[in-house]
Amino acid sequence: MSLAANKIYDFEGFRLDVRERILSYAGEPLHITDKAFELLRVLIERTGHLVTKDDLLSEIWNGSFVEENTLDKNVSLLRRTFAKNNGHTKLIETVRGHGYRFIGKVTVSGSQASEAAAEIDGSDLPRDETSAIELPTLETAVSSPDKPRYLDVVTGPRKKIGFAAAGLIALLTVSTYLFLISRNRISAEDQTIKTIAVLPILNKTDDPNSEYLSDGVTEGIINDLSKISGLRVMSRSSVFRFKDNQADLPRVAAQLGVNFAVTGEIRRLESKFEISIRLVDIRNGTQIWGHQYFKSSEDLLNLQEEISADVAENLRVRLAPAEREAIAKRSTNNPQAYQYYLLGRYHLARLTEPEVLSSIDYFQKAIAADPSFAYAYVGLALAYRPLALAGWHLSSEEAIKRSRAAAIRALEIDPDLASAHAAYAWTLYTYEHDWSRAEHEFRRALELAPNDEKTHADIAHMLTFLGRHTEAIAEGKKATELDPLSFMSATMYAQFLFFGGKTDEALVELQKTFEIEPNFWIAHNLLGRIYVSQERYPEALAEFQKARDLSGFGSIVPIYEIGYTYARMGDRPAAEATIRELKKSASTRFVSSYSYAMIYNGLDDRLNALKYLEMSVDAHEADSLFLNDSHRWDAYRGLEKFQEIEKKLNLN
């Protein structure tokens, strides 16, 4: 089949004018390379047909030697052009291992359009595919032979195609049926949720100080892909366990429970960085796609967005327009701000007091360099959270207020930033006790990034405070599915089970945590709480003491749990000694009022327990939200004073 060189092809709002060499959309010219133009022309001329890579390289590059990824880059350019203008990504279909097929609905115009249409007689079409795209169902094709939609490709008078049209209808009726079976099979595969792990990009720059860059780009790709509803993306905490051990991909994939993996390295080449990225199908061990990006320091700004878009495209994942826009959105145009932001994320991930304080400093520097950098404000909001919970030099109330202010500023800059909605939601229930608005913000965050395991874990935490344990457990389980090797996710899931009355299941989950990380202090602290509920006090004390010793950021939580356990055992002197220890510590660090309230609770000193509990609630301490998550305050629920305090939290 040949088409005259001066044809004009219209498809999905685009127009390709071959003679004038113009690609336009809605009348506006679009800028693409000459090779991309030729590639599109060749594919459109063979609409519905597979065009092999060899044929494309031969016809467009005239036998010149070029790397295969040159062809892939031009296909990616066209797909991004289509997506940017009308959201379509499936106009060019990849036939894995073979080539490409144009599958848009095309109409032909120009001085020889009718003659070109007359040449489409269907005689060279294979039995399982057709050149007519956006075909009707078989039922429509049979019941409406007078006006079959697939003849819309012809713009000239229908009489000119005469009996050829009738023959074409008969042939296409059969071939359409076979085609639709094939396409439906592909469609079903496309609609299946794909599971993927973005393994840490390896730093091959010979500069250990560039580690923040490779880690930051990796985390950025994970965050971008997590915005896609058609993907289940493993979290940072799970994949970074394999940072130095990626050689056996099948084993890694089996542990993570994924079918696809992204791997890569970053190298320094004089003034540029070379970033090599590969997409691997673990099921058959084949590399689906690979590309090398050459970027200067300034170009690194949009690298993660570019890689994310290319990965999604080569996975053949269907993106909603909002998802595509979210990935393509550039966070800042300031290279220095972006560098500070990556350094902030790098230090925050280490979660010790010095590292968190360093992260705050870097996020503030990023904001100073670009005051409109929304992601930097989110980083700042998240960095203040451990300060609110761990009992460091800053009061819980002050840390939450700072987190809240940063989250609000991020939303003012970018109302569609999922992580900003989640960060704001946390402050809404911890500081303002506005549970309804907090849930609304969490749900909005999940709409924008449905695969963010942190948001699933955060909303589970909120739901368990409200006593909605079934929902909390479901959200916690979702977080562990997205984050299967995270000891934090596993521990939180165990906590939700415990608070939901499923103690045996909680112990099973905790065992999984210890298999991943035997020295995780929060898991030991939770195990101690379970032992206290079972009146296994010596074992509980051992776990709390272990949690205290393992706590890299010196949390006061295991200390007041030790005091509470002594009180429950009837060892009043030891419990009171713990109170004195905490008061002594308060001269150099923040100690929550809730710490004293819990120990006095264990001593059944109701006057002091309620006194410090009210102080805790009035000070907006995060710990005070635990009133409804266990049975430790059950004996107080009938007291008028307790009910007044509980009312301040809006828990009822």
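Residues numbered from 1 in each chain as written. Predicted model: local features only at pLDDT ≥ 70, side-chain atom pairs only at ≥ 80, totals over all residues. Heavy atoms only, no water.

Enquirer: Would you take a moment to explain the packing of helix H25 (residues 572-585) against helix H26 (residues 593-602) for this structure?
Expert: Packed helices, taken two at a time, are described by the angle their axes make and the gap between the axes. Viewed as axis vectors pointing N to C, H25 and H26 meet at an angle of 175°, and their least axial separation amounts to 10 Å. In terms of orientation, H25 and H26 fall into the roughly antiparallel class. Side by side, H25 and H26 meet where Ala575, Thr578, Ile579, Leu582 and Lys583 of the first sit next to Ser595, Tyr596, Ile599 and Tyr600 of the second. In terms of residue class, the contact of H25 with H26 is made up of 6 nonpolar, 2 polar and 1 charged. (Axes fitted to C-alpha atoms, helices over the stretch in contact; angles between N-to-C directions. Helix = DSSP H or I, 4+ residues; strand = E, 2+ residues; numbered from the N terminus. Parallel < 35°, antiparallel > 145°, perpendicular 65-115°, else oblique. Contact = heavy atoms within 4.5 Å. Nonpolar A, V, L, I, M, F, W, Y, C, P; charged D, E, K, R; others polar.)

Enquirer: I'm lost on the nonpolar core in this one. Help?
Expert: Side chains of nonpolar character tend, in soluble globular proteins, to be buried together. Counting 155 residues, the largest nonpolar core has Leu256 and Trp633 as the members making the most contacts within it. In terms of residues, this core owes the most to one element, helix H14 (residues 374-390), which gives 11 residues. Setting aside residues up to four positions removed in sequence, Trp633 forms contacts with Tyr594, Ala597, Met598, Asn601, Ala609, Leu613, Leu627 and Phe642. Formed by 30 residues, the second largest nonpolar core is a distinct cluster that contains Phe11, Val18, Val42 and Leu71. (Core = buried A, V, L, I, M, F, W, Y, C linked by side-chain atoms within 4.5 Å. Buried < 20%, exposed > 50% of the residue type's maximum accessible area, 1.4 Å probe, protein only.)

Enquirer: What exactly am I supposed to notice about the pairing of strand E9 (residues 194-198) here?
Expert: Along any regular strand, the residues point their side chains to alternate faces of the sheet. In terms of residue burial, E9 counts as a mostly covered element, since 5 of its 5 residues are buried. Along E9, one buried face is formed by Lys194, Ile196 and Val198 and the opposite face, lined by Thr195 and Ala197, is buried too. The pairing of E9 with strand E11 (residues 231-233) spans 3 bridges and is classified as parallel. Across the sheet, Thr195 pairs through a bridge with Arg232, a residue of E11. Pairing of E9 with strand E12 (residues 260-269) involves 3 bridges; the strand directions are parallel. Within the sheet, the bridge partner assigned to Ile196 lies in E12 and is Phe260. (Pairing = 2+ DSSP bridges.)

Enquirer: Even after reading the chapter, I still don't get the sheet that holds strand E3 (residues 22-25), so can you show me in this structure?
Expert: Pairing between sheet strands relies on hydrogen bonds along the backbone, with the strands arranged either parallel or antiparallel. Strand order in this open sheet of 5 strands is E4-E3-E2-E1-E8, and the pairing throughout is antiparallel. Edge positions in the sheet fall to strand E4 (28-30) and strand E8 (107-109), since each has one partner strand and no second. In this sheet, adjacent strand axes meet at a mean angle of 30° when their direction is disregarded. Where strand E1 (residues 8-11) lies against E8, 3 bridges are found, and the strand directions are antiparallel. Looking at E8, one finds that Tyr9 is bridged to Val108. Those strands touched by helix H1 (residues 34-45) are E1, strand E2 (14-17) and E3, and its axis lies near 100° from that of E2.

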